[in-house]
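Fold and geometry: a report
Chain by chain, the residues run as shown.
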Protein chains: 2
Amino acid sequence: MIISIIGIGLIGGSMALDLSSQINVTVYGVDTNPDHCNDAIKLGLVKEMISLSKALAISDVILVSIPVSSLEQILPAILDQIKEHTVVIDLGSTKERICNAVSTHYNRGRFVAAHPLAGTEFSGPSAAIESLFRGKKNIICNQEQTDEDALSTAMAIFKSVGLSSQFMKAAEHDKHMAYVSHLSHVTSFTLGLTVLDIEKDEKQIFNLASTGFASTVRLAKSNPQTWSSIFDKNSPHLLQALDSYIKQLSLFRSAIATHNIEEMESLMTKANEIKRILQN
Amino acid sequence: MIISIIGIGLIGGSMALDLSSQINVTVYGVDTNPDHCNDAIKLGLVKEMISLSKALAISDVILVSIPVSSLEQILPAILDQIKEHTVVIDLGSTKERICNAVSTHYNRGRFVAAHPLAGTEFSGPSAAIESLFRGKKNIICNQEQTDEDALSTAMAIFKSVGLSSQFMKAAEHDKHMAYVSHLSHVTSFTLGLTVLDIEKDEKQIFNLASTGFASTVRLAKSNPQTWSSIFDKNSPHLLQALDSYIKQLSLFRSAIATHNIEEMESLMTKANEIKRILQN
């Protein structure tokens, strides 16, 4: 099986690593960034970096792992040019707009809209790691629009890297992601900004940073281009999540400002219920 | 040396564990919660649970590790009753109001205002762990008001459990803590509240929670009583930090709402500078 991966960053590169090691699989890379191309070869992520047109001509499967802002433009063009049996899988973090962009395409059946729930706060080919996906979940959206054989091929690929797949409507996926992923990125970036801002006057402040702070602010190290694109493409759901967050934050602020201990404890006791979800 | 620890929770209990194991040290516990007393004995944290009055009568050192809301009342009463050479050390997370509460006490010289920067999101005697303090920082505030011998004793105790101490004005400590500890607890609790709230309608939401979310929301598991007390006693600095956070959050929200990619990326690039501080 010939698999071409478009976009050799953290996700595409990690896919490349895990797929390359399998028998009867040859992995090619496509990337518009010359540094990424050099790094991908040096790091041995792919057999060769090739052009998009060559990838379209020779591949059985095309994995698209590029910022979601570019996906809407590129995906229809890819579906225009694929061979009859090629499967095209996108791995973007938002799904609704991408699914809409190709919903009436004559090759829609060859397309699988997926989102492996895996990643780190690092980016680029050098961030690619083996087994990134092992034991993680993968969401496949609007699968009823995908041809049965294309879906089977995609499921086999995901399974081979350790992902367990589940199905979901694209709109539902995007709403859930706004709450459990995109919102926590915004709050982490904001925490980083706030503390860096006060540091201008208080040089010593980071001497005191504890592991609790480090854990809460970790996502503020994430890649700005990746996330501006995700925030923008999921802005309706994200704004809803943000407004709900801001409302809760106002309740908290007001309890602190009025020395309302009872209200503070009531809010925190409710928040403690998160223990039910997080096992450690 | 006889050391009594008032309040055998996460911090007091962990201190008890590390001090009990040292030669020539006997550790007694004092706690108003009968369950904590039973647990402390069962877990072998202390030699014996005793009354406060007995502790005041027999101890060379008294470590006070109770919610900061109770400290302001209890600390002056303790200083009223200690023997001539007893050293009283508090381990609370806020320092300014506590230092003010005893600043003119005739026994102020016997008091050491400290804050070991260590902890987990768990609480109570069963949360006590060995070596919690090893390699961590400890802040001692307004040390110029402490007698030299009392300061030396406290420094030796902190060193023996692996803490490295530094000095700071109480007001400065509280301001810094508002930014690098208390604020991240508020944002974590708020994130937990927001996601639990949407979960009422979207049962499946936590299936999708990733490690990034888990890391950002971890502090929402913290003890409500401990933190209401800290937030309240440090409310002037915390409100300042919160308002600065809310301002940054509004900038972020507005960039998302207006599809201003450039502004989003500029904010995130600034926030990325946090990498300078966090090594991993």
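Computed from a prediction, not measured in an experiment: that's the story for all the values here.

Rules used throughout
Residues numbered from 1 in each chain as written. Chains lettered and ligands numbered in written order. Predicted model: local features only at pLDDT ≥ 70, side-chain atom pairs only at ≥ 80, totals over all residues. Heavy atoms only, no water. Contact = heavy atoms within 4.5 Å. Buried area = accessible area lost by both parts, 1.4 Å probe. Salt bridge = Lys/Arg side-chain N within 4 Å of Asp/Glu carboxyl O. Polar contact = N/O pair within 3.5 Å; in protein donor to acceptor, adjacent residues only side chain to side chain. Helix = DSSP H or I, 4+ residues; strand = E, 2+ residues; numbered from the N terminus. Nonpolar A, V, L, I, M, F, W, Y, C, P; charged D, E, K, R; others polar. Least-squares fit on C-alpha atoms with pLDDT ≥ 70 in both. Buried < 20%, exposed > 50% of the residue type's maximum accessible area, 1.4 Å probe, protein only. Core = buried A, V, L, I, M, F, W, Y, C linked by side-chain atoms within 4.5 Å. Axes fitted to C-alpha atoms, helices over the stretch in contact; angles between N-to-C directions. Parallel < 35°, antiparallel > 145°, perpendicular 65-115°, else oblique. Left-handed = near helix turned anticlockwise from the far one by under 90°. Phe/Tyr/Trp six-rings, centres within 6.5 Å; stacked < 30°, edge-to-face > 60°. Pairing = 2+ DSSP bridges. Expected span 1.5 Å × (residues − 1). Right-handed = clockwise from strand over helix to strand, strands pointing away.

On to the interface of chain A and chain B, then. On the side of chain B, 85 residues touch chain A, which itself brings 85 residues to the contact. Surface buried jointly by chain A and chain B totals about 8300 Å² across both partners, of which 68% is contributed by carbon and sulfur atoms. The tally of links from chain A across to chain B stands at four salt bridges. Where Arg253 of chain A meets Asp243 of chain B, a salt bridge forms, and the shortest distance between an N and an O atom there is 2.6 Å. One can count 18 residue pairs in polar contact (both at pLDDT 80 or more) joining chain A with chain B. If you list the elements that add at least two residues to the side of chain A that touches chain B, you get strand 7 (137–141), strand 8 (164–168), helix 7 (170–199), helix 8 (211–217), helix 9 (224–233), helix 10 (235–257) and helix 11 (261–272) of chain A. Here the side of chain A that touches chain B gets 22 residues from one element, more than from any other, and that element is helix 7 of chain A. Of the residues contributing to the side of chain A that touches chain B, the split by class is 44 nonpolar, 25 polar and 16 charged.

This part covers the relation of the copies chain A and chain B. Taken as rigid bodies, chain A and chain B are interconverted by a rotation of 180° and an axial shift of 0.0 Å, the fit giving an RMSD of 0.0 Å. Here the transformation between the copies is reduced to the relation of a two-fold axis. When C-alpha positions in chain A are compared against the rotation axis, the closest is assigned to Thr216 of chain A, at 2.1 Å.

Let us look at the environment of Leu19 of chain B. Residues and elements named next belong to chain B. Relative to the helices and strands, Leu19 is located in helix 1 (residues 10–20). Remark: the alpha-carbon pair of Leu19 and Val46, spanning 27 residues in sequence, is separated by 9.3 Å. Aside from chain neighbours lying at most four places away, what touches Leu19 is Ile3, Ile5, Val25, Val27, Leu63, Ile157, Ser160 and Val161.

Evaluated as defined, the whole model comprises 22 salt bridges over all chains. Where Asp147 of chain A meets Arg110 of chain A, a salt bridge forms, and the shortest distance between an N and an O atom there is 2.8 Å. With Asp147 of chain A in the loop between strand 7 and helix 6 (148–160) and Arg110 of chain A in the loop between helix 5 (96–102) and strand 6 (111–116), the pair connects residues that are 37 residues apart, well separated along the chain. Between Glu273 of chain B and Arg276 of chain B there is a salt bridge, and its shortest N-O distance comes to 2.6 Å. Residue classification places Glu273 of chain B among the partly exposed residues on the basis of a relative accessible area of 39%. By relative accessible area, Arg276 of chain B is classed as partly exposed at 44%. Several salt bridges converge on common partners, so that one network encompasses Glu72, Arg97 and Lys233 of chain A.

What follows concerns the nonpolar core. If you look at the biggest cluster of nonpolar residues, it comprises 126 residues, and the most contacted ones within it are Phe231 of chain A together with Phe231 of chain B. If sequence neighbours within four positions are ignored, Phe231 of chain B has contacts with Phe252, Ile256, Met264 and Met268 of chain A together with His182, His185, Val186, Phe189 and Leu238 of chain B.

So, about the packing of helix 7 of chain A against helix 10 of chain A. If you want to describe how two helices pack, look at the angle between their axes and the distance between the axes. All names here are of chain A. Between helix 7 and helix 10, whose axes approach to 8 Å, the crossing angle comes to 50°. Classed by the angle they form, the pair helix 7 and helix 10 counts as oblique. Judged by the twist between their axes, the crossing of helix 7 over helix 10 is right-handed. Mapping the contact onto sequence places Ala171, Asp174, Lys175, Ala178, Tyr179, His182, Leu183, Val186 and Thr187 in helix 7 and His237, Leu238, Gln240, Ala241, Leu242, Ser244 and Tyr245 in helix 10. Of the residues assigned to the contact of helix 7 with helix 10, the class counts are nine nonpolar, five polar and two charged.

Next up on the list: the packing of aromatic side chains. Taken as a whole and judged by the stated rule, the model has six aromatic pairs over all chains. Centroid distance Phe189 of chain A to Phe252 of chain B: 6.2 Å. Interplanar angle 35°. Geometry classified as tilted. A residue pair is termed interchain when its members come from two chains, as with Phe189 of chain A in helix 7 and Phe252 of chain B in helix 10 (residues 235–257). Classification of Phe189 of chain A by relative accessible area gives buried; the value is 0%. Residue Phe252 of chain B is classed as buried on the basis of its relative accessible area of 0%. Grouped by ring-pair contacts, the aromatic residues Phe189, Trp227 and Phe231 of chain A together with Phe252 of chain B constitute a single cluster.

The subject of this paragraph is the sheet that holds strand 7 (residues 137–141) of chain B. All names here are of chain B. Reading across from one edge, 3-2-1-4-5-6-7-8 is the order of the eight strands in this open sheet, with mixed pairing throughout. Where the open sheet ends on each side, the last strands, each with one partner, are strand 3 (48–49) and strand 8 (164–168). Alignment of strand 1 (residues 2–6) against strand 2 (residues 26–30), held across five bridges, turns out to be parallel. Following the sheet pairing, Ile3 is matched in strand 2 by Val27. Its contacts with the sheet place helix 1 against strand 1, strand 2, strand 4 (61–64) and strand 6 (111–116), and it is angled at close to 165° to strand 1.

As a further point, take unusual backbone geometry. All names here are of chain A. Even without a glycine there, the phi angle at Asn24 is positive, about 65°. Relative to the assigned elements, Asn24 resides in the loop between helix 1 (10–20) and strand 2 (26–30). A relative accessible area of 66% means that Asn24 is categorised as exposed.

To continue, consider helix 10 of chain A. Compared with an ideal rise of 1.5 Å per residue, which puts 23 residues at 33 Å, helix 10 of chain A spans 31 Å between its outermost C-alpha atoms and is within 8% of the ideal. Within two residues after helix 10 of chain A, His259 of chain A carries a phi angle of roughly 55°, on the positive side.

Here we take up the pairing of strand 2 of chain B. Residue and element names in this part refer to chain B. Most of strand 2 is tucked away: four of the five residues are buried. Taken together, strand 1, helix 1 and strand 2 form a β-α-β motif whose crossover is right-handed. Taken together, the two bridges between strand 2 and strand 3 define a ladder with parallel strand orientation. Within strand 3, the position partnered with Tyr28 by the bridge is Glu48.

Residues and elements named next belong to chain A. Strand order in the open sheet made by the eight strands is 3-2-1-4-5-6-7-8, with mixed pairing throughout. Sheet topology places strand 3 (48–49) and strand 8 at the edges, where each strand pairs with a single neighbour. Relative to strand 8, strand 7 runs parallel, the two sharing five bridges. Residue pairing in the sheet places Lys137 in a bridge with Ser164 of strand 8. In this fold helix 4 (residues 68–81) packs onto strand 1 (2–6), strand 4 (61–64), strand 5 (87–90) and strand 6, with an angle of close to 175° to the strand it touches most, strand 5. Across the sheet, helix 6 touches strand 1, strand 4, strand 5, strand 6, strand 7 and strand 8, and the angle it forms with strand 5 is around 55°.

By themselves these figures say nothing about function.
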